[in-house]
Amino acid sequence: MSKSTAEKQVPIKEGMIKLPASPKEQPSLLGSKCRSCGETYFIRRSRCEQCQSGDLEHIELSRRGKLYSYSIMYYPAPPPYKPSDPFVPYGLGWIELPEGLAVLSHLTENDPDKLRVGMEMELILDELEKDEMGNKVMYYKFRPVK
Amino acid sequence: MEDVVLAGVGMHPFGRYREKDPADIALEAITMALKDANMTFKDIQLALCGTVLLNRPQLGAEILQGVGQTGIPIYDIRAACATGGAMLRLARDAISSGSCDAVLVFGIDKHQGMFQDLGEPWQNTLGMKASPSAFAMVAQRYMYEYGATEEDFARVAVKAHKYGRLNPYAMFRQEFTIEQVLKSPYVAWPLHLYNFCSPDDGAAAVVVCSKKIARKHNISQPVYLAASVMATADYPSPILEPSSAYSITTKKKGRPVVVAAGEQAYKEAGIGPGDIEVVEVQDTESAHELVHIEQLGLCRPGEAYHLLREGTFDITGRLPVNPSGGIQCKGEPPGASGLGQVCEIMWQLRGQAGPRQVNHPKVGLSQVFGWNHIGGVTILKK
């Protein structure tokens, strides 16, 4: 991550992550919960996919969850993904959150021997790149809890 | 449901044909299928063209100009890797509803690169939906739940190539050892390069008709479409089924789409999984060959890799699986691969599979699975 804190941070997608307003604050994933059927979603939305209700409340999802499954990508995905040079294999996994949903995420870990199903994972943010305005484009990852 | 007959099949070998136009590839399969059905294009009343990767408008109409213009309706159909199953279902409905008597169904594709990136733009920017990782996470969970190993997945690839070597329609026709598979580079851990199907070029065609037309054209070995089912995601969807999803409910456990399609197909055919004598399943990679065998109820969950070790799925075993070598050997032109399975089952039921022939099967099953929870099951009966 860059040393500078003056640059503005923006999420890779609106309604996805709560960026910490100060270094003391923790980031979180944003979601919605349907007031009609109780379904919860990662990333805010205005309509419930299941019951079609438009009555949803904004929620923040738990910062911790459990690893459900994982894989390590040994080849870079095609564009628009921009692999590092040299390419470093990266971990992906599904994280089960207490709100009754699972979220697909990048993992900080790319060694399968250091990952196991059911392990406690916690949310962090990382910078993807600078956009054309010089803002830091932020996305989410999960890392094993030490 | 046995009023629909598969009258003829044809295939253009799957492989890499950089210089060959898709229309020419498709026409070879179509010509072969029409000849196999003792028909000409003038006998066909409806045509369905399946393609996933080719972006040519009205591709089906363009291709069929090569067999003569007869004024029939032609539709292009797209259902990811399940395209073949989708077209057969539509053909069956057209015939059993009485709207027509003979349908030509064909699929054609040319590969456009190694990986498909299949998420929303932000997911693709982050490299989160390259197709191999979605399949690999299912493989990882299968290992965790049932104790299978990378060696078991390698054994699937070894079996595939043992029979793919004997298939003139397959792209890869060499045998591998378990060690060779395990030494091939990881694509998406825990799966290696030799565990995966490769995108390639090819075409397959099937002529489907009513019993009346089959009699008229003296089909000597009629094979009946006993069931043809397509299904999409139910709620809740399983966490791991390969799709563009990034948020899935875990409040209830989801039923995989292939389970749903399989159960409905057995019901439609009036048989059970125990009656199936030869199977072609969607083996996008080695792990899913095992997963799909189990989802079809052909054995208990977690049992497939044990049965594989015992030789049950060999062509000489109790339940031969993918005697064609599957798409691990044939490669996958997704518009054509589902019908490629149907060609193999037809040849097996008619005793025309040459050195990879299994022992006198009377009932066969073909299963496809496509990205975003699309599952198809076709049951053929002699």
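The structure presented is a predicted model; accordingly, all values stated were derived computationally and were not measured.

**Digging into the overall build of chain A**
The secondary structure content of chain A amounts to zero helices and 10 strands. Principal axes of the C-alpha set define a box for chain A whose edges measure 50 × 40 × 35 Å. Sorting the 146 residues of chain A into buried and exposed places 33% on the buried side. Long-range contacts, defined here as pairs at least 24 residues apart, represent 51% of the contacts in chain A between residues at least 6 apart.

**Section: the pairing of strand β8 (residues 223–232) of chain B**
Successive residues of a regular strand alternate their side chains across the two faces of the sheet. Residue and element names in this part refer to chain B. Among the 10 residues that make up β8, nine are buried, leaving the element largely enclosed by the rest of the structure. Across two bridges, strand β1 (residues 4–15) lies against β8 in antiparallel orientation. In the strand pairing of β8, leucine 6 is matched with valine 223. Bridge analysis of β8 against strand β12 (residues 374–381) gives eight bridges, and the strand direction is antiparallel. Looking at the pairing, serine 228 lines up with threonine 378 of β12.

**A few points about the domain arrangement of chain B**
Residues and elements named next belong to chain B. Per the domain assignment, the segments making up chain B are domain 1 (4–113 + 200–224) and domain 2 (121–197 + 226–381). One C-alpha centre belongs to domain 1, the other to domain 2, and the line joining them spans 23 Å. Across the contact, 37 residues belong to domain 1 and 38 residues belong to domain 2. Within the residue set of the side of domain 1 that touches domain 2, elements represented by two or more residues are β1, α3 (83–96), β4 (102–109), β7 (201–210) and β8. Among the elements that line the side of domain 1 that touches domain 2, the one with the most residues is α3, at seven residues. Among the residues making up the side of domain 1 that touches domain 2, the classes are represented as 21 nonpolar, 10 polar and six charged.

**A closer look at the packing of α3 of chain B against helix α13 (residues 334–349) of chain B**
All names here are of chain B. At a minimum axis distance of 6 Å, the contact between α3 and α13 shows a crossing angle of 65°. The orientation of α3 relative to α13 falls into the category roughly perpendicular. Each of Thr83, Gly84, Gly85 and Leu88 in α3 lies in contact with α13, whose residues at this interface are Pro334, Gly335, Ser337, Gly338, Leu339, Gln341 and Val342.

**A few points about the sheet that holds β12 of chain B**
Consider a sheet: its strands pair through backbone hydrogen bonds, and that pairing is either parallel or antiparallel. Residues and elements named next belong to chain B. Taken together, the nine strands give an open sheet; going across it, the order is β3-β2-β4-β7-β1-β8-β12-β11-β10, and neighbouring strands pair in mixed fashion. Sheet topology places β3 (74–77) and β10 (278–280) at the edges, where each strand pairs with a single neighbour. Neighbour to neighbour, the strand axes of the sheet diverge by 20° on average, direction disregarded. Where β4 lies against β7, eight bridges are found, and the strand directions are antiparallel. Pairing of valine 105 across the sheet is with valine 206, part of β7.

**Details of helix α9 (residues 257–269) of chain B**
Turn by turn, an α-helix covers 3.6 residues, leaving residues three or four places apart pointing in a common direction. All names here are of chain B. Counted at 1.5 Å a residue, the expected span for α9 with its 13 residues is 18 Å, and the 18 Å between its end C-alpha atoms agrees. Considered for burial, the residues of α9 that qualify are Val257, Val258, Val259, Ala261, Gly262, Ala265, Tyr266 and Ala269. Glycine 270, located one to two residues past α9, shows a positive phi value of around 70°.

**Examining the environment of leucine 46 of chain B**
Residue and element names in this part refer to chain B. Assignment of secondary structure puts leucine 46 in strand β2 (residues 46–50). With 20 C-beta atoms counted inside 10 Å, the residue leucine 46 sits in the buried group. When the C-alpha positions of leucine 46 and alanine 94 are compared, they lie 8.6 Å apart, and in sequence the two are 48 residues distant. Ignoring sequence-local partners within four residues, the contact set of leucine 46 consists of Ile72, Pro73, Ala94, Cys100 and Val103.

**Describing the nonpolar core**
All names here are of chain B. Grouped together as the largest cluster of nonpolar side chains are 171 residues, with contacts concentrated most on Val103, Val105, Phe106, Ala205, Val207 and Val208. Both of domain 1 (4–113 + 200–224) and domain 2 (121–197 + 226–381) provide at least three residues apiece to this core. Setting aside its immediate chain neighbours within four residues, valine 207 contacts Ala7, Gly8, Ala33, Leu34, Ala37, Met39, Ala102 and Leu104.

**Brief notes about the pairing of β1 of chain B**
Residue and element names in this part refer to chain B. Along β1, 11 of the 12 residues are buried, which leaves the element largely enclosed by surrounding structure. Of the strand pairs in this sheet, β1 and β7 are connected by nine bridges, and their pairing is antiparallel. Residue glycine 15 lies in a different strand from β7, and its bridge partner there is aspartate 201.

**So, the interface of chain A and chain B**
Note on interface size: it is often stated as the accessible area lost on association of the parts. Of the residues lining the interface, 32 residues belong to chain A; the matching set on chain B comes to 30 residues. Elements that contribute at least two residues to the side of chain A that touches chain B include exactly β4 (40–42), β6 (64–73), β7 (90–97) and β8 (101–107) of chain A. Counting residues per element, the side of chain A that touches chain B draws most heavily on β6 of chain A, which supplies six residues. A class-by-class count of the residues in the side of chain A that touches chain B yields 24 nonpolar, five polar and three charged.

**What about the environment of valine 208 of chain B?**
Residue and element names in this part refer to chain B. Relative to the helices and strands, valine 208 is located in strand β7. Along the primary structure valine 208 and glycine 8 are separated by 200 residues, whereas in three dimensions their C-alpha atoms are 7.4 Å apart. Those residues in contact with valine 208 that sit more than four places away from it in its chain are Val4, Leu6, Ala7, Leu88, Ala91, Arg92, Ile95, Val103, Val105 and Leu225.

Rules and cut-offs
- Residues numbered from 1 in each chain as written.
- Chains lettered and ligands numbered in written order.
- Predicted model: local features only at pLDDT ≥ 70, side-chain atom pairs only at ≥ 80, totals over all residues.
- Helix = DSSP H or I, 4+ residues; strand = E, 2+ residues; numbered from the N terminus.
- Buried ≥ 20, exposed ≤ 12 C-beta atoms within 10 Å, placed from the backbone.
- Contact = placed C-beta atoms within 7 Å.
- Pairing = 2+ DSSP bridges.
- Domains from an automatic or database assignment.
- Nonpolar A, V, L, I, M, F, W, Y, C, P; charged D, E, K, R; others polar.
- Axes fitted to C-alpha atoms, helices over the stretch in contact; angles between N-to-C directions.
- Parallel < 35°, antiparallel > 145°, perpendicular 65-115°, else oblique.
- Expected span 1.5 Å × (residues − 1).
- Core = buried A, V, L, I, M, F, W, Y, C linked by C-beta atoms within 7 Å.

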